[in-house]
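Structural features, examined
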Amino acid sequence: MFKKGVEARSHQRLSGADRKKLKRTVRDRFPRASDADIDALLPPKVEIKVSKYQNRVLVYGIEGGFPMFFDIDGRGKEIFPTVYALWKVPDILPSFMLKGGEVSRYVIGGADLMFPGISIPAEGLPSFLAGEAWSVKVPGNPAPIAVGTTTMSCTEALKAGLRGKALKIAHYYGDLLWESVEVPYVPNAGFYEDAVFEDPTLSSAQVSDSYDGANDGSNDQLNGINDKEMGQHVDVADVQSEPSSASVAPIDARNEIAEEATAHVSDLKLTDNDSVDQSTVEDSQDTHPLSTEDVDTLLEKCLLQALHTTVKDKDLPMPGSTLWSNHVLPCRPSGITLDIKKSSYKKLSKWLQAKCSSGLIRVKEDKYKKESVLLSVNRTHPDYSSFKPEKRQVEEAVKTGVPVTESRSVKILEVAEIYKPSVHVNPVFASVGADTGELYSALDATDIVFRYVEKENMVKPTDKSIVILDATLCDGLFKGAIKKGSMYPTEIHKRDLGAAFVNRMQPHHIVTRGNDSVVRKGGLKTVQIMTERRQGNKKMTKLSGLETFLVDPEALASELQKKFACSTTVAELPGKKGLEVLVQGGVIENLAKHLIEQYGIPKRYIEVLDKTRR
């Protein structure tokens, strides 16, 4: 569910009525939860935020805190607690116990749980029905590592000889939902090597120093699982990173629970014999918290890192909450908790407005959503130009030993609108020494026209926001665009100059997918999906325009045939160049969703028409 990144469409607070409705839904969905448990997850006097994603998933969390529940269908019928919520209230769901740490590597890698990997208690297989929500635990650790739904009932499982898929995993420790939580990164979830995994939300428990005997027992149980059978039942292809093979350090259940329980998951510790220095650094950070000046400096650095690496002009405008959660926070150093409230700005909106006043970015207040929206980035700003971004992504890949394969980069789609100078604006380019045969982005073209304005000293002395037009710039902007007999403008506002200049250039676009890249003249054409009725009242879905985004129609047709279990054909477009994919059935919504999630085609470039509803 959270293996691939999907940007949230909106973030908003729940009203009082929606808050009560959510609590009723949680109470009905999880009858094992008491009122105290629900209040612990959804505190009465704390604001609750809901994030809406493009794949209809809703994520409910404490504002400024952690996600507690996620709703797959957005209707409350498939709502689940997050792993963090299960750490606070582990008994809200029944749980399957794994046979050992060797099985957990597949679960936290994204694979579904199979019956051969479950430890069956002495009293027999517990009772459950198909479609129930269950969690997954490892031996000796009360903190669940995943949550999902059962694929069959206990009766059906016994008839099948305890073979096949037991639990379809919806969320697991370390997936993209977990990474969105503002907590220090803990490698391998604490389930490997001689590590100690402490759950602070459950209370500090003493941990045994050695697990050699238990490790042998777990390996003996796992030896009963045939390697061939494991290869059939576990989808190892979904495992994105494989941790080092070692045993689990369990919590000694016989030791007494400590009296004081820590309140935040930021106290989560992973004590390892080989990483004493890292724990010393974390302890020193807790002992010496960051000052206000340090937080301000860190905010500045993370923002510039995000503007250089992840914030693209094509993604603007962007809500301030999205900029913070999806771009700024991931740029913070590992093990550092970044809190805007501990800065001198106190609020995200004030921080963005301060950066807007400095000229680095341009933001606008959304009166309806009551949040700041990032409109543009001044990439010529001195702070932006002097900052050298860190290559963090490559370093992490090398550090974890996960190679960056070409097969993964092939799926990445990048679309950019570029422009070529026309005869109207060629004199402006030539005046500043720019090449008229090159292709420019809208930002670069705007920079050139402002260089020309600065060179010719065309800013109005009495009003710095107005540019007085000379003959060259006036012809470039308005010649041929104004009716005969009309007066040509003599001045223009700076905010309108860039857009007017770009509109006089020839539009092009560049599409890049992996190592393949193509530049085409004109605007970017959309992918068209249309459903219509054929003879016998049967529906047929047509898909065309795939070549624009470097998608092979033949390969997509074969993929859709397996995904939707229907017949597909590829034919030439009547009277046009290109191919269209014909899919049997009315799969227009699922097909559009597939193109967005699997091929990265932006939603604004997909045109949908359902003729069967007329």
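Definitions and limits used
Residues numbered from 1 in each chain as written. Predicted model: local features only at pLDDT ≥ 70, side-chain atom pairs only at ≥ 80, totals over all residues. Heavy atoms only, no water. Helix = DSSP H or I, 4+ residues; strand = E, 2+ residues; numbered from the N terminus. Buried < 20%, exposed > 50% of the residue type's maximum accessible area, 1.4 Å probe, protein only. Contact = heavy atoms within 4.5 Å. Areas by Shrake-Rupley, 256 points an atom, 1.4 Å probe, with all protein chains shown as cover. Pairing = 2+ DSSP bridges. Axes fitted to C-alpha atoms, helices over the stretch in contact; angles between N-to-C directions. Salt bridge = Lys/Arg side-chain N within 4 Å of Asp/Glu carboxyl O. Expected span 1.5 Å × (residues − 1). Arc of directions from axis to C-beta. Core = buried A, V, L, I, M, F, W, Y, C linked by side-chain atoms within 4.5 Å. Phe/Tyr/Trp six-rings, centres within 6.5 Å; stacked < 30°, edge-to-face > 60°. Lys NZ or Arg CZ within 6 Å of the ring centre and 35° of its normal. 1 Å grid on protein atoms, 1.4 Å probe; cavity = no way out; pocket = protein on both sides within 12 Å on 5 of 7 lines; lining within 4 Å. Points joined across faces, edges and corners; volume = space filled by probe spheres on them. Nonpolar A, V, L, I, M, F, W, Y, C, P; charged D, E, K, R; others polar. Parallel < 35°, antiparallel > 145°, perpendicular 65-115°, else oblique. Left-handed = near helix turned anticlockwise from the far one by under 90°. Polar contact = N/O pair within 3.5 Å; in protein donor to acceptor, adjacent residues only side chain to side chain.

When helices and strands are tallied, the protein shows 21 helices and 26 strands. Residue burial in the protein is summarised as follows: out of 614 residues, 43% are buried. Put simply, of all contacts in the protein between residues at least 6 apart along the chain, 64% involve residues at least 24 apart. Looking at the protein as shown, the accessible area adds up to about 33400 Å², and 50% of this sits on carbon and sulfur atoms.

This part takes up the sheet that holds strand β4 (residues 67-71). One open sheet accounts for five strands, arranged β1-β2-β3-β4-β5; its pairing is antiparallel. The open sheet has two edge strands, β1 (8-13) and β5 (79-81), and neither has a second partner. For this sheet, the mean inter-axis angle between neighbouring strands, taken without regard to orientation, is 20°. Sheet analysis places strand β3 (residues 58-62) next to β4, joined by four bridges and oriented antiparallel. Along β4, the bridge assignment pairs Y60 with F69. Sitting on the sheet, helix α1 (residues 16-29) touches β2 (48-53), β3, β4 and β5, and the angle it makes with β5 is about 80°.

Applying the stated criterion across every chain yields a total of nine salt bridges. Taking the shortest distance from any N to any O, the salt bridge between E390 and K301 comes out at 3.2 Å. With a gap of 89 residues between them, E390 in the loop between α13 (382-386) and α14 (392-400) and K301 in helix α10 (residues 292-309) connect regions that are remote in the sequence. E390 gets classed as partly exposed once you look at its relative accessible area, which sits at 33%. Classification of K301 as partly exposed rests on a relative accessible area of 39%. A salt bridge links R534 to E532; its shortest N-O distance comes to 3.6 Å. Where salt bridges share partners, they join E532, R534 and K542 into one cluster.

Spatial strand order, β13-β15-β14: three strands in an open sheet with antiparallel pairing. Taken across any chain shown, the strands that pair with only one partner, and hence form the sheet edges, are β13 (318-319) and β14 (361-366). Pairing of β13 with strand β15 (residues 371-377), which is carried by two bridges, proceeds in the antiparallel orientation. Within the sheet, the bridge partner assigned to M318 lies in β15 and is L374.

A word on helix α17 (residues 442-456). Residue pairs three or four apart in sequence face the same way in an α-helix, which turns once every 3.6 residues. In a regular helix each residue adds 1.5 Å, so 15 residues correspond to 21 Å; α17 covers 22 Å between its end C-alpha atoms and thus fits that length. Among all positions of α17, only A445, I448, V449, Y452 and V453 are buried. Along the axis of α17, the buried residues cluster in a sector spanning 140°; they form a single face. More than 90 degrees from the buried face of α17, the exposed residues found are E454 and K455.

Attention now moves to the nonpolar core. Generally speaking, soluble globular proteins have nonpolar side chains that are buried together. Counting 62 residues, the largest nonpolar core has F30, F69, F70 and L113 as its most contacted members. With residues near it in sequence (within four places) discarded, F69 still touches V26, F30, L41, L42, L58, V59, Y60, I79, F80, P81 and T82.

Here we come to unusual backbone geometry. Following L316, the chain continues into P317 via a peptide bond in cis, with omega recorded as 0°. Topologically, P317 is positioned in the loop between α10 and β13. Backbone geometry places L162, a non-glycine residue, at a positive phi of 55°. Position of L162 relative to the elements: it lies in the loop between α5 (154-159) and β10 (165-172).

Once that is clear, we can look at the packing of aromatic side chains. On inspection of all chains with the given rule, the structure shows 10 aromatic pairs. A ring pair is formed by F30 and F69, whose centres lie 6.2 Å apart and whose planes are at 25°; its orientation type is stacked. Remark: F69 occurs in strand β4 and F30 occurs in the loop between α1 and α2 (35-41); sequence separation between them is 39 residues. Each member of the pair, F30 as well as F69, carries the same accessibility label: buried. Pairwise contacts between aromatic rings join F96, F128 and W134 into one cluster. The ring of F80 is capped by R29, whose NZ or CZ atom sits 5.2 Å from the centre of that ring.

Roughly 580 Å³ of internal volume is contained in the second largest pocket. Residue assignment for the lining of the second largest pocket shows that the elements contributing at least two residues are β21 (516-521), β22 (527-534), β23 (538-544), β25 (579-584) and β26 (606-610). With three residues, the single largest contributor to the lining of the second largest pocket is β22. In terms of residue class, the lining of the second largest pocket is built from six nonpolar, eight polar and nine charged.

Right, let's get into the side chain of K355. For K355, the position within the fold is in helix α12 (residues 348-357). We classify K355 as buried; its relative accessible area is 9%.

It is the contact of helix α11 (residues 320-328) with α12, at a shortest axis distance of 10 Å, that shows an interaxial angle of 90°. In terms of orientation, α11 and α12 fall into the roughly perpendicular class. On α12, the residues touching G320, S321, L323, W324 and V328 of α11 are L348, W351 and L352. Its residues assigned to classes, the contact of α11 with α12 shows six nonpolar, two polar and no charged.

Moving on, we get to the packing of α17 against helix α19 (residues 494-503). Two elements in contact, α17 and α19, have axes whose closest approach is 9 Å; the angle formed by their N-to-C orientations is 120°. Relative to α19, the element α17 is oriented oblique. The element α17 and its partner α19 pack so that their crossing is right-handed. For the pair α17 and α19, contact is made by A442, A445, T446, V449, F450 and V453 and by K494, L497, G498, F501 and V502, respectively. Residue composition of the contact of α17 with α19, grouped by class: eight nonpolar, two polar and one charged.

Quick look at the side chain of T531 now. The residue T531 is located in strand β22 in this model. Owing to a relative accessible area of 1%, T531 belongs among the buried residues under this scheme. A polar contact is formed between the side chain of T531 and the side chain of T541, at a distance of 3.2 Å.

Turning next to α12. Those residues of α12 lying buried are W351, L352 and K355. One face of α12 carries all of its buried residues, which in axial projection span an arc of 95°. Every exposed residue of α12 that faces more than 90 degrees away from the buried side is listed here: K350 and S357. Where α12 is buried, its residues touch α10, α11, β14 and β15. Of the residues one or two after α12, G359 is the one with positive phi, at around 90°.

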